[in-house]
Amino acid sequence: MRAIAFAALLSFAGFLHAADRAAPLRQSFDLQVPAAPAPVHMDGASVLVYELHATNFSNEPLRLLGVEARDAGRGQALASYEGEALTRRFDRIAAVKDSDALTLAPGQRGVLYLELTLPANVPAPQRLDHRLRYSVAGNDTPQSVDGGEVAVAAAPRLILGAPVRGGPWIAIHHPDWARGHRRVLYTVDGKARIPGRHAIDWVKLDAQGRTSQGDKDLVANTYGYGAEVVAVADATVVAVRDDVAETVRISEHGKQTLGEATGNYVALDLGDGRYAFYEHLKTGSARVRTGQRVRRGEVLAALGFTGDSTGPHLHFHVSDRNSPLGAEGVAFELQGFRVLGRYPDLSQLGKTPWTPPQASERLTRERERPAPNTVLEFED
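The structure reproduced in this document is the subject of the present report. (Residues numbered from 1 in each chain as written. Predicted model: local features only at pLDDT ≥ 70, side-chain atom pairs only at ≥ 80, totals over all residues. Heavy atoms only, no water.)

Once that is clear, we can look at the pattern of salt bridges. In total, this model carries 33 salt bridges according to the counting rule given. Across the pair Arg88 and Asp176 runs a salt bridge, and its minimum N-O distance is 3.4 Å. Residue Arg88 is found in helix H2 (residues 83-89), and its partner Asp176 is found in the loop between strand S12 (169-172) and strand S13 (200-204); the two are separated by 88 residues along the sequence. The salt bridge involving Glu115 is made with Arg182; its shortest N-O contact spans 2.9 Å. With a gap of 67 residues between them, Glu115 in strand S8 (residues 109-117) and Arg182 in the loop between S12 and S13 connect regions that are remote in the sequence. You'll find Glu115 and Arg182 in the same group, each marked buried. Here the residues in one salt-bridge network are Asp43, Arg342, Glu361, Arg362, Arg365 and Glu368, joined through shared partners. (Salt bridge = Lys/Arg side-chain N within 4 Å of Asp/Glu carboxyl O. Helix = DSSP H or I, 4+ residues; strand = E, 2+ residues; numbered from the N terminus. Buried < 20%, exposed > 50% of the residue type's maximum accessible area, 1.4 Å probe, protein only.)

Okay, structure coming up:
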């Protein structure tokens, strides 16, 4: 028996030696998912929104070739990205201008922004992992590394009322925008976070898709300016700022510091460690004070033009701490809205009418997040 065991051990050692010859160990990427995703419902599907951080721990530049997101329990691929699809969703921290968009220098970190639409009639995965394919500078032979395993969060769905009334409103957000809220990391207190992961900018339109009338540079001529913003749930007011001044003209609005980015704002404690933020509010419009209890639908303030903003709109997001920037964005859905159409190309906003919904599209939506750049209305 000892002879057999010894022979087996030699055989196993030989296997390892052969494997080493075929694929020698090497330094490559540290893969991490800092914030576990929770499913959010959008366009009738369940979606996981999260980020995969990849840090190059080798002493050579490494170039990403492809990334596969997988159901770790079933070993099933949920999505894969390469080429242009990978480039659109990948950003490098401290990227050198005009350098290759998919190459990470030694010690450099990159972030892949993922939105996984889960297959219908299939249970949501309990855990995710990832396979990253890459090449080493000067060597085109593909390599791969597995990692970034994370549990899918089991947080209960957060169903909220409307933050504004009536319509038409466009719900502005899109995962591909390099400087959109979804893809802006803040490290204001020792940790990199994305407070605007699920943020929506609300802009009021007229029936032709215009955002203003008359002189477009006048703040007061914007359709949404002064519109009432309302509580999305029964909650407690935990922060109010109401003293940031506005300019009369949009062109007079200068660059804002990081501390002034929110402008005037109201924050609500929704309970269970979740906080709703209403930003860029009109000067002097706050109707609530810190510590006050509010009811769903109660008026909080008015839409304005303060803070880091290119025009009057309401910025709304939910996060896990009472901090505008030092918090992780949390998924939320709206109780109900009616779809009027979409802007496939947001550069046409204010210039042309929106694209009407398809004949087969369900117009009345309940307990969903609006899809990117959806034009909709709320019941008053």
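From this point, things continue past the structure.
On to the packing of aromatic side chains, then. Inspection of the entire model under this criterion finds five aromatic pairs. Aromatic side chains Phe29 and Tyr134 sit 5.3 Å apart centroid to centroid with 85° between the ring planes, which places their arrangement in the edge-to-face category. Linking Phe29 in strand S1 (residues 29-32) with Tyr134 in strand S9 (residues 127-136), this pair joins segments that are 105 residues apart in sequence. Here the aromatic rings of Trp202 and Phe378 are separated by 5.6 Å at their centres, their planes lie at 55°, and the arrangement is tilted. Here Trp202, found in strand S13, pairs with Phe378, found in the segment after strand S23 (374-377); they are 176 residues apart in sequence, far enough to count as distant. Relative accessible area serves as the criterion here: at 1%, Trp202 is assigned to the buried category. An aromatic cluster is built from Tyr278, Phe316 and Phe332, whose rings are joined through pairwise contacts. (Phe/Tyr/Trp six-rings, centres within 6.5 Å; stacked < 30°, edge-to-face > 60°.)

With that settled, the discussion passes to the environment of Ile170. Examined against the element boundaries, Ile170 turns out to sit in strand S12. Each C-alpha atom, one on Ile170 and one on Arg296, is 22 Å from the other, the two residues being 126 residues apart in sequence. Contacts of Ile170, omitting those with residues within four sequence positions, involve Asp201, Trp202, Val203, Leu205, Tyr343, Leu346, Leu349, Asn373, Thr374 and Val375. (Contact = heavy atoms within 4.5 Å.)

As far as function goes, none of this settles anything; it's purely spatial.
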